[in-house]
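A look at the structure
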Amino acid sequence: MKQKEICNDKIGKRNICRLIPRVDSLMEEKEIREMIREYGYNCVLRVVRRTLDELREEIWNGTREEIQDEIREKIRDEIREETKEQIRKSAMERIVENLRKEMRMNLTSVVNGTGIILHTGLGRAPLGEEVLRHAAAVAGGYSNLEFDLETGKRGERCVNFEETVCRVTGAEAALAVNNNAAAMLLILSSLASGGEVIVSRGELVEIGGGFRIPEIMELGGALLREVGTTNRTRPDDYRNAIGEETKALLKVHTSNYRIIGYTQETSLEKLAALGEETGLPVIQDLGSGVLIDLAKYGLAHEPMVQEAVKGGADVVAFSGDKLLGGPQAGIIVGRKKYIDKMKRHPLARALRIDKFTAAALEAVFRQYLDPDRAVERIPALGMLTRPAETVRKDAEKMAARLSAVISAGDASSNRTEADIIVQACVSRAGGGSLPEENIESYAVAVSAPEITAGELAARFRKLDRPVIGRISGEKLLLDMRTIREEEIAYLESVFRDGKILQRDMSPQKKTYPQKNEIRQKDEMPRKEGEQ
Ligand SMILES: *Cc1c(COP(=O)(O)O)cnc(C)c1O
């Protein structure tokens, strides 16, 4: 009860509040002056003011324990110099912390230990070095983005990469927009608006993040004409549905699910023949759009863009940042007459890509001119095709290095023991690609007897450069397939710093696993990396 009385001691509190240093006196501190040089006067001033307000509020609400003691002991208006110093010190510490937090970018690079290569939450495909260098060079200055160097006149945005895209895919013409959802919207709006598009009932796909074929169709002003059944659609189903209103035939790659059992799918070739016979364009939404034969690397064969073009699709759409391994984009390839129509549609302007993407796309497609080189240079493909044995060796190397750091740690420090082992696990392509593929992999599993796996995962997420893992039982798994060589040194520094394994970091607060961690508990990260 005494505590409560003291907390209510307004005079005491008021006196303590009076000890909070003045803004202008703090701004003169050496440490603060250095911050001003780095971050600018106005930024620092704002943080200083905010921090002092916070302190004042905490003292007033009685949430600062160390100051409670002071209040308890103090005779109402006699204040020790010591207390003043203490408050100044704690204000300074808090200012430094607040400034560091405020200056840190919210969108930041993370270490992907989930083993999901195209994790939509983590930004899908990481870009390769050459691609980044080219994009930075183009975007960091002026470029011929829409300027024809031959004529000196206004040019076209997509011509710079169109030729390379056509050479790689075998198509007549190409165009790129913001993403594949946008690509489908542009295709349907320019080719099928006001008419009907025929699609199989087995291909009415929903992709994560609200992309549904029927809805995109409606948005594009086209009427969906569903044919066949969920499991079987024959060529005649399409043929019988063709009428006056029909504007196109659509085939959607069921990228994120499979229908198995008693099934029949009309092949692209058959659909293309029907398109040719009736003069209707055949559109294929490929989803991921892979450009190399994944079967060569022991993975399931994913329909390739080149096959779709060769198979007779008039228009093919696919993502830039799924298995292609490039920047976010929706790439449309196909017959020139249709692509030209799309280029002229007002939506093409609304959905156009920026110079950074245009540069990155050209650089990535150039790498595909030599498929072996593409696998070496495109990070997503490298991770996908890395043999499990290589991943295991890397995991062993990392486990050894982390264990060494831990055992070299200061025994007197407040750090708990930790166990680091290598464990077999399963990686996934993610991004709705190769949904059935269990990619054999190896993880470095971290566990600490005094820290729950959920708490450990939370601590890793709160690092300056967050590390995202996967929980399995009482362990935090860091799947080595998606961790890069240079990130091992960073993880070493994390363990050396020791905060990650600190005992009672927040004793009063137990961190419960969050929703996504519970989901991660599922050893197979099926729903992760929602597209
Ligand atoms: C992923 C996907 C899309 C959406 O592509 P985004 O580039 O994410 O917009 C559309 N269709 C299919 C079949 C997909 O797999």
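For the structure, check the block above.
In this text the structure is predicted, and so the values were computed from the model without any measurement. (Residues numbered from 1 in each chain as written. Predicted model: local features only at pLDDT ≥ 70, side-chain atom pairs only at ≥ 80, totals over all residues. Heavy atoms only, no water.)

With that out of the way, let us pick up the packing of helix H8 (residues 129-139) against helix H17 (residues 355-367). At a minimum axis separation of 8 Å, H8 and H17 run at an interaxial angle of 145 degrees. Considering how the two elements wind past one another, H8 and H17 form a crossing that is right-handed. Across from Glu130, Val131, Leu132, His134, Ala135, Ala136, Val138 and Ala139 in H8, the residues of H17 making contact are Lys355, Phe356, Ala359, Ala360, Glu362, Ala363, Val364 and Gln367. Here the contact of H8 with H17 is composed, by residue class, of eleven nonpolar, two polar and three charged. (Axes fitted to C-alpha atoms, helices over the stretch in contact; angles between N-to-C directions. Helix = DSSP H or I, 4+ residues; strand = E, 2+ residues; numbered from the N terminus. Left-handed = near helix turned anticlockwise from the far one by under 90°. Contact = heavy atoms within 4.5 Å. Nonpolar A, V, L, I, M, F, W, Y, C, P; charged D, E, K, R; others polar.)

Before going further, it helps to spend a moment on the packing of aromatic side chains. Across all of its chains, the model carries two aromatic pairs by this definition. Centroid distance Phe460 to Phe495: 6.0 Å. Interplanar angle 55 degrees. Geometry classified as tilted. Of this pair, Phe460 sits in helix H21 (residues 453-461) while Phe495 is found in helix H22 (residues 485-497), placing the two residues 35 residues apart along the sequence. Accessibility expressed as a relative area gives 0% for Phe460, which makes it buried. Above the plane of the ring of Tyr262 lies Arg232, whose end atom (NZ or CZ) is 3.9 Å from the centre. Taking the ring centre of Tyr490 as reference, the NZ or CZ of Arg465 above it sits at 5.7 Å. (Phe/Tyr/Trp six-rings, centres within 6.5 Å; stacked < 30°, edge-to-face > 60°. Buried < 20%, exposed > 50% of the residue type's maximum accessible area, 1.4 Å probe, protein only. Lys NZ or Arg CZ within 6 Å of the ring centre and 35° of its normal.)

The next point concerns the sheet that holds strand S10 (residues 315-319). Taking strand neighbours across the sheet as the criterion, the seven strands line up as S3-S11-S10-S9-S8-S4-S7 in an open arrangement whose pairing is mixed. One side of each edge strand has no neighbouring strand; the edge strands of this open sheet are strand S3 (173-177) and strand S7 (223-227). In this sheet, neighbouring strand axes are inclined to one another by 25 degrees on average, regardless of whether the strands run parallel or antiparallel. Sheet strands touched by helix H15 (residues 336-344): S3, S10 and strand S11 (330-334). Its angle to S3, the strand with the most contacts, is close to 30 degrees. (Pairing = 2+ DSSP bridges.)

All of the buried residues in helix H9 (residues 159-169) are Phe161, Glu162, Thr164, Val165, Cys166, Val168 and Thr169. Check the buried side of H9 and you find it contacts S3, helix H14 (305-310), S11, H15 and H17. Downstream of H9 by a residue or two, Gly170 has a phi angle that is positive, lying close to 85 degrees.

This part takes up the site of the ligand. Around the ligand sit Arg124, Asn179, Asn180, Ala181, Ile207, Phe211, His253, Ser255, Asp285, Gly287, Ser319 and Lys322, and those are all the residues in its vicinity. Protein chains shield 95% of the accessible area of the ligand, which is 380 Å² for the free molecule. Elements that contribute at least two residues to the shell around the ligand include exactly helix H10 (180-191) and strand S9 (282-287). Residues that form the shell around the ligand fall into these classes: three nonpolar, six polar and three charged. (Near = heavy atom within 4 Å. Areas by Shrake-Rupley, 256 points an atom, 1.4 Å probe, with all protein chains shown as cover.)

Counting buried residues in strand S13 (residues 439-447) gives eight out of nine residues, a clear majority hidden from the surface. In the sheet, S13 pairs with strand S16 (residues 475-479) via four bridges, with the strands oriented antiparallel. Directly across from Ala445, in S16, lies its bridge partner Leu477.

On to H10, then. Over its twelve residues, H10 runs 16 Å from end to end, which matches the ideal 16 Å to within 8%, given 1.5 Å per residue. Taken across its twelve residues, H10 has eleven buried, putting it largely inside the fold. Two or three places before Ala181, at the start of H10, stands the capping residue Asn179, its side-chain oxygen 3.3 Å from that residue's backbone nitrogen. (Expected span 1.5 Å × (residues − 1). Polar contact = N/O pair within 3.5 Å; in protein donor to acceptor, adjacent residues only side chain to side chain.)

The subject of this paragraph is unusual backbone geometry. Across the chain, the bulk of peptide bonds are trans and the bulk of non-glycine residues have phi less than zero. Unlike most non-glycine residues, Arg124 shows phi in positive territory, near 50 degrees. Relative to the helices and strands, Arg124 resides in the loop between strand S2 (116-118) and H8.

Here five strands make up an open sheet; going across it, the order is S2-S12-S13-S16-S15 and the pairing mixed. The open sheet is flanked by S2 and strand S15 (470-472), the only strands paired with a single partner. Sheet twist, expressed as the mean angle between neighbouring strand axes with direction ignored, is 40 degrees. Note that S2 and strand S12 (residues 419-430) share two bridges and pair parallel. Pairing of Leu118 across the sheet is with Gly430, part of S12. Where helix H20 (residues 388-407) meets the sheet, its contacts fall on S12, S13 and S16, and the angle it forms with S13 comes to roughly 10 degrees. Lying on the sheet, H21 is in contact with S13, S15 and S16; it crosses S16 at an angle near 45 degrees.

Inspection of the secondary structure puts Arg386 in the loop between helix H19 (379-385) and H20. At a separation of 2.6 Å, a polar atom in the side chain of Arg386 contacts the side chain of Asp394. In this structure the side chain of Arg386 is engaged in a polar contact, spanning 2.8 Å, whose partner is the backbone oxygen of Met480. In this structure Arg386 touches Val391, Asp394, Met480, Arg481 and Ile483, once residues within four positions along its chain are discounted.

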